[in-house]
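Below, each chain spelled out in residue letters.
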Amino acid sequence: MNKLYTNLKDSLIKDNPIFVSYLALCPTLGTTSTFNNAIGMGLSVLFVLIFSNLLISSVRNFVPSEIRIPVFITIIASLVTLLEMILEAVTPTLYETLGMFLPLIVVNCIILGRAESFASKNNVKKSIIDGLITGLAFAITISIIGAFREFFGTGSISIFSLRLQMFTQEIMPSFLTKNTGAFISLGLMGWVFNEIKINNMKKGKVN
């Protein structure tokens, strides 16, 4: 558990997929207008990451190197199709809200990157753990951005079916929930994240 926690902390701070690697910015900008949408996308990517790593690691010794990328994409696309069917049946509202960003998971740089650099070179157990850690880092980060935009843009936050209204919406900077607000929020939170990272490095907490 300690090693898992350390790896997750490193993935969140040293190798954060959004604020360090600047990957998957399209779904990050497009689905973080609310906390619910953000966590829905985060959990969707987590699901695909875990199972794509599992399947790719399982077949890695049987796939010729010349066709490995098409095989990886086929596996990921099949999982995304399954995910869409599940979301449409279980949470149709979330399915409609995420819209075109769900099919785009197929070409998500984080998923393809972990498939190529890790799952295709390691055993199933290690690959599942890698997918879990990377997926959680992405899900946590994107959920924080969604919570920030919704709270400061509307004065409230929706946690599944529960809506907590803490400030009057009229006095809040509603542009944070719009397209422009997505870029501003990402920039502000990226700046805060990197300040925290620099301070931790100075204190010797991050190598």
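See the structure shown above.
Please read these numbers as outputs of a predicted model, since none were measured by experiment.

Trainee: I'd like to hear about the overall build of the protein, residue by residue, with values.
Mentor: Per the secondary structure count, the protein includes 8 helices and 2 strands. Starting at the N terminus, the α and β elements of the protein follow one another as α-α-α-α-α-α-α-β-β-α. In terms of C-alpha radius of gyration, the protein reaches 18 Å, essentially the compact-globule figure of 17 Å for 207 residues. Its C-alpha atoms give the protein principal-axis dimensions of roughly 60 × 50 × 30 Å.

Trainee: Which residues make up helix α8 (residues 179-202), and what values go with them?
Mentor: In a regular helix each residue adds 1.5 Å, so 24 residues correspond to 34 Å; α8 covers 35 Å between its end C-alpha atoms and thus fits that length. Turning to α8, its buried residues number three or more, namely G181, A182, S185, L186, M189, G190, F193, K197 and N200.

Trainee: An account of the nonpolar core is requested, with residue identities and associated values reported.
Mentor: By size, the foremost hydrophobic cluster in this structure holds 34 residues, and its most contacted members are M41, V48, I105 and F138. Elements supplying a minimum of two residues to this core: α3 (35-59), α4 (68-90), α5 (92-98), α6 (109-119), α7 (124-154) and α8. With 7 residues, the top contributor of residues to this core is α4. Beyond its immediate stretch of four places on either side in the chain, V48 contacts N53, I76, L79, V80, L83, I105 and I111.

Trainee: Which residues make up the pattern of salt bridges, and what are the values?
Mentor: With the rule as written, the count across this model stands at 3 salt bridges. One salt bridge connects R68 with E116, and the closest N-O pair in it is separated by 3.0 Å. Remark: E116 occurs in helix α6 and R68 occurs in helix α4; sequence separation between them is 48 residues. We note a salt bridge from E150 to R163, for which the minimum N-O separation is 4.0 Å. Note that E150 is positioned in helix α7 and R163 in strand β2 (residues 162-165), a separation of 13 residues in sequence. Since its relative accessible area comes to 2%, E150 is described here as buried.

Trainee: Kindly report on the packing of α3 against α7, identifying the contributing residues and their values.
Mentor: When two helices pack together, their arrangement is given by the angle between the helix axes and by the axis-to-axis distance. Put simply, α3 and α7 touch, their axes get as near as 8 Å, and they point 170 degrees apart. Relative to α7, α3 is oriented roughly antiparallel. Considered class by class, the residues forming the contact of α3 with α7 number 18 nonpolar, 10 polar and 2 charged.

Trainee: Outline the pairing of β2, supporting the account with residue identities and numerical values.
Mentor: Both strand β1 (residues 156-159) and β2 contribute to a ladder of 4 bridges, which runs antiparallel. Its bridge partner lying in β2, S156 is registered against Q165. Where β1 folds back onto β2 in an antiparallel hairpin, the turn is made up of 2 residues, including F160, whose phi is positive at roughly 60 degrees.

Trainee: Describe a nonpolar patch on the surface, listing the residues and the values that go with them.
Mentor: Taken together, the side chains of I159, F160, L162, L164, M166, F167 and I171 define a hydrophobic patch exposed on the protein surface, amounting to about 700 Å² of accessible area. When you line up the elements, L164 lands in strand β2.

Trainee: Residues and numbers for the side chain of T141, please.
Mentor: With respect to the helices, strands and loops of the structure, T141 is situated in helix α7. Ignoring sequence-local partners within four residues, the contact set of T141 consists of L12, N16, I18 and F19.

Trainee: I'd like to hear about α6, residue by residue, with values.
Mentor: Burial in α6 covers these residues: I110, I111, A115 and A119. Projected down its long axis, α6 shows its buried positions confined to an angular sector of 135 degrees, all on one face. Residues of α6 that are buried in the fold lie against α3, α4 and α7.

Cut-off values and rules
Residues numbered from 1 in each chain as written. Predicted model: local features only at pLDDT ≥ 70, side-chain atom pairs only at ≥ 80, totals over all residues. Heavy atoms only, no water. Helix = DSSP H or I, 4+ residues; strand = E, 2+ residues; numbered from the N terminus. Rg over C-alpha atoms; globule rule 2.2 N^0.38 Å. Expected span 1.5 Å × (residues − 1). Buried < 20%, exposed > 50% of the residue type's maximum accessible area, 1.4 Å probe, protein only. Core = buried A, V, L, I, M, F, W, Y, C linked by side-chain atoms within 4.5 Å. Contact = heavy atoms within 4.5 Å. Salt bridge = Lys/Arg side-chain N within 4 Å of Asp/Glu carboxyl O. Axes fitted to C-alpha atoms, helices over the stretch in contact; angles between N-to-C directions. Parallel < 35°, antiparallel > 145°, perpendicular 65-115°, else oblique. Nonpolar A, V, L, I, M, F, W, Y, C, P; charged D, E, K, R; others polar. Pairing = 2+ DSSP bridges. Patch = residues over 30% accessible without salt bridge, like charges linked within 9 Å, V, L, I, M, F, W, Y side chains within 5 Å. Areas by Shrake-Rupley, 256 points an atom, 1.4 Å probe, with all protein chains shown as cover. Arc of directions from axis to C-beta.

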